[in-house]
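What the coordinates show
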Amino acid sequence: MRLSTSVRRCLVAAVVLLAAARGAPLHAQPAMQVTDLRTEYQTNPLGIDVLAPRLSWRLASSERGAVQGAYEIRVATDAASLASRPLWTTGRVASDSSVQRPYAGPALRSGQRYLWQVRVWDGKGRPSAWSAPAWWEMGLLAPGDWTARWISPDVPEDTTKSNPSPMLRRDFTLAGPVASARLYVTSLGLHEVELNGRRVGDRLFAPGWTSYDHRLQYFTYDVTDLLRPGANAIGATLGDGWYRGHFGFTGKRNNYGTRLALLAQLVVRYADGRTVTLGTDSAWKSSTGPILVSDIYDGERYDARLEKRGWSAAGFADGGWRGVRVTAAPNVALVAPAGPPVRRIQELRPLKVIHTPGGDTVLDLGQNMVGWVRLRARGPSGTTITLRHAEVLDKAGNFYTENLRGAEATNHYTLKGEGEEVFEPHFTFQGFRYVAVSGYPGGDPPLDAITGIVVHSDMAPTGTFESSNALVNQLQHNIQWGQKGNFLDVPTDCPQRDERMGWTGDAQVFAPTAAFNMDVAGFFTKWLGDVALDQKPNGSVPFVVPDVLSKGQPTGGGATGWADVAVVVPWTMYQAYGDTRLLARQYPSMQRWVEYMRAQAGDSLLWKSGFHFGDWLAFASTSADYPGATTDKDLLATAYFAHSTDLLARSAAVLGKRDDAARYRALFERIRAAFDREYVTSRGRLSSNTQTAYALALDFGLLPDSVRDDAARRLAEDVRRMRHLTTGFLGTPALTRALSENGYLDVAYALLLNESYPSWLYPVKQGATTIWERWDGLKPDGTFQDKGMNSFNHYAYGAIGDWMYRVVAGLNIDPEHPGYKHVIVRPRPGGNFTWARAALKTQYGDVASGWKLDGGRMTVTVRVPPNTSATVWLPGATLASVSEGASPVARAAGVTLATQDGAAVRVDVGAGDYTFAYDAARR
Ligand code: RAM
């Protein structure tokens, strides 16, 4: 008897379901536990301004297929009231939602802390215990909550150059023991605050970089332990930073203003219940101190002899200090941070001292990193030690800084001459692997004279990727370090030269990879706010955000593939985190960008106008018969117009905007038709016969079905003919995906594994520890690319990371169930890999996908967190031969469906750890 495939599938499914039911234990199981409570992507956030914070938790259960059937949240302002008199409780809600449940109780109050806890019922109705309480605390929500005044130091300055960093201070008295105290603080320029001689918090580069003309972040600190009854003092040091330091291509200063200013408000609650609020006011004093020069690009000049010992402690003699000016509040919104703080994240020790042929003494940290070095030295007062920074040594082994262009990237420290001195700069950062040290007392610095301090936005690492290929593992390392180096409050293109701006195109192509490596939800929530604010009235999006390039001179925007960040990144965040609120918040901005393109394109729907970077830094050659890999900019612009319209239509559907969804879906179809008429022949040839053109047309779904295969074949042929990739920033993320999704997995693997220029592994073979801006930053002959644009720490080409996680290791988002509520595990072995595995800490818990091929024996390991499910595709498997653990797959606990689907077996599973094994058909 022959059964049709669908009948067979049903039978198998029925068998599996029966087996799952049979396997259900009859005795009581330990109930689920609730863990990892988070509010707005943070654990116990202090000082937020989200009026309906979203609450998330993870579940722990040893049971396969564990799901949440219901939950109950309760919120109170003190622990004792949680059970007895909660401020708000959801009651029991039948729901499998365990992330981003919005608070919907009484209006939240400024400065108030809210405790919350949650319990759940599993799929069988068994309750968990109440979780341990977590909390969030509101910041200052209304402008009227700020009673402090903005103050500026009254010190003489010449703002055409960098000035000594001003210091501001004030003594104050507290009437008794302190029960709790909060400091709310922001500034024009950067700030560091001290209370009674101790640094407040560990945030760096406060208040971060936002669209300063529209909004400034303020930060909240718990300073209870820094205060004492009686005499106290507070002090702040200000730095020029992004606000008024040397920033942008043209050597310009004062991009946002000429005066630094501070706003600080201290709210103290005494043990007896009284509260007092103190703030910056006219009684503060100002002076200057040891920081003589400080610029983000250029570095810092610090003279320790000018330190003012005890300046932030009570009783310091500030008689010689000047006053401050109380200034008008800047006309901008003060907002609490949505993203993680910038912090010191890790330390690196130098590997060796190098004496270069050019005579420099250089310490090698072994890793291209971002931050600075901590210097230790002893020596006579007045001795100046100079630290210069470089990413690479040149062919001759000399210290190479030409690619830093106009950034001096140099720190100078002058010793006070008092025993061991330790120095770290304050308002600058460098991108470097090598440090040239001069002036070190006694000659050569010992290795422990310097420590690399790695600094970036403190995003939790979430993803790991490992494989049997050591070079690809190094590539993954380089991608992660590219991310560490360029996620410093804003996503930057590079961290070392006189640039370091929020280039939109780079962020757009890298965001999916970024969301695998680290938790970037908060980081992009913050930055996308600035994307919307800096968007131009006509909907155009600037090249960089914050739009510092437009300061003082009108600069264009609206470049294809760059400005599309406004649509692509919100969609990417929705996919990775299921964040519909962010999608809704960004929706008007997304729509304005699409409408801008529509206006530009006009009735033809072909966008042929305006300035575009195009497929930036695509492969080029001077070989006489090189056909060129330049993709027409109008083709790119129309392709992205279609793609962003597609994503907008999908977003509208997700948000329940039915009319918009239909309208933009229809517009997408019309753009696609226009694209096909203009750029695609009936034989699937594109007018720009480039890898990028084919990759984008395939990846964005722009081709009619009739020519898809032809176009994919042409793409594969081009790769085979060239024997390498030729794509730039825009084509690169789509290239391997377009191949692997259209029947050319082998070609995609060949590209990934290519070790010669241009390729991903070429820099790895050259010893790279980060991703380079250019495929040939360091050329095969040992010389460098053009010093005018040659960063060795640029994440754009690292966009291949997404494909490594998804295709090589097989860990995929299900676009229909974003945020990993349902996971698609689909490893696709290829190349010379014998194993690969990826793990990802999602909002629900750890997801993992791994495979190993040993002889013909394939093992696939999968981890699915509680309250989620997965569809696993086992390549080259036949249903009868697949086992899970000790049983046939169809009978394994947690398996809800097992079926043959072409050359693969499809297995649907609930939560749990699974090990599938089978004899794989030869690929
Ligand atoms: C340079 C950098 C940056 C890119 C722009 C267009 O500044 O390469 O990454 O986005 O050009």
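Residues numbered from 1 in each chain as written. Predicted model: local features only at pLDDT ≥ 70, side-chain atom pairs only at ≥ 80, totals over all residues. Heavy atoms only, no water.

- An unreviewed UniProt entry lists the chain under the name alpha-L-rhamnosidase, with Gemmatirosa kalamazoonensis as the source organism.
- Within the UniProt record for the chain, the comment given under Catalytic activity (unreviewed entry) is "Hydrolysis of terminal non-reducing alpha-L-rhamnose residues in alpha-L-rhamnosides." (UniProt positions renumbered as here; feature names shortened; annotations may be inferred.)

Some thoughts on helix α9 (residues 633-654)
- In this model, α9 (22 residues) spans 31 Å end to end at C-alpha, consistent with the 32 Å of a helix rising 1.5 Å per residue.
- Buried residues dominate α9, accounting for 17 of its 22 residues. (Helix = DSSP H or I, 4+ residues; strand = E, 2+ residues; numbered from the N terminus. Expected span 1.5 Å × (residues − 1). Buried < 20%, exposed > 50% of the residue type's maximum accessible area, 1.4 Å probe, protein only.)

A closer look at the nonpolar core
- Among the nonpolar cores identified, the biggest contains 213 residues, and Val520 and Phe916 are the most heavily contacted of them.
- Judged by nonpolar contacts, the second largest core, of 28 residues, contains Ile151, Ala236, Leu260 and Leu266. (Core = buried A, V, L, I, M, F, W, Y, C linked by side-chain atoms within 4.5 Å.)

Things to note about the site of the ligand
- In the neighbourhood of the ligand, the contacting residues comprise Asp493, Arg497, Glu499, Trp503, Asp506, Trp562, Phe613, Trp616, Phe729, Glu773, Met789 and His794.
- Here an oxygen atom of the ligand and a side-chain polar atom of aspartate 506 are 2.5 Å apart.
- Side-chain polar atom of glutamate 773 to an oxygen atom of the ligand: 2.4 Å apart, as the coordinates give it.
- For the ligand, the protein covers 97% of the area, taking 290 Å² as the surface of the free molecule.
- Of the residues that constitute the shell around the ligand, the class distribution is six nonpolar, one polar and five charged. (Near = heavy atom within 4 Å. Polar contact = N/O pair within 3.5 Å; in protein donor to acceptor, adjacent residues only side chain to side chain. Areas by Shrake-Rupley, 256 points an atom, 1.4 Å probe, with all protein chains shown as cover. Nonpolar A, V, L, I, M, F, W, Y, C, P; charged D, E, K, R; others polar.)

Points about the environment of histidine 214
- Relative to the elements of secondary structure, histidine 214 occurs in the loop between β14 (198-199) and β15 (215-217).
- Separated by 120 residues in sequence, histidine 214 and leucine 334 have C-alpha atoms that sit 8.9 Å apart.
- Filtering out sequence-adjacent residues up to four positions away, histidine 214 remains in contact with Val332, Ala333, Leu533 and Asp534. (Contact = heavy atoms within 4.5 Å.)

A look at the packing of helix α11 (residues 691-699) against helix α12 (residues 705-722)
- Taken N-terminus to C-terminus, the directions of α11 and α12 make an angle of 145°; their axes are 9 Å apart at the nearest point. Seen from above, α11 lies across α12 with left-handed handedness. Residues Gln691, Tyr694, Ala695 and Leu698 of α11 form the contact with α12, whose participating residues are Arg708, Ala711, Ala712, Arg714, Leu715, Asp718, Val719 and Met722.
- Class assignment for the residues of the contact of α11 with α12 results in eight nonpolar, one polar and three charged. (Axes fitted to C-alpha atoms, helices over the stretch in contact; angles between N-to-C directions. Left-handed = near helix turned anticlockwise from the far one by under 90°.)

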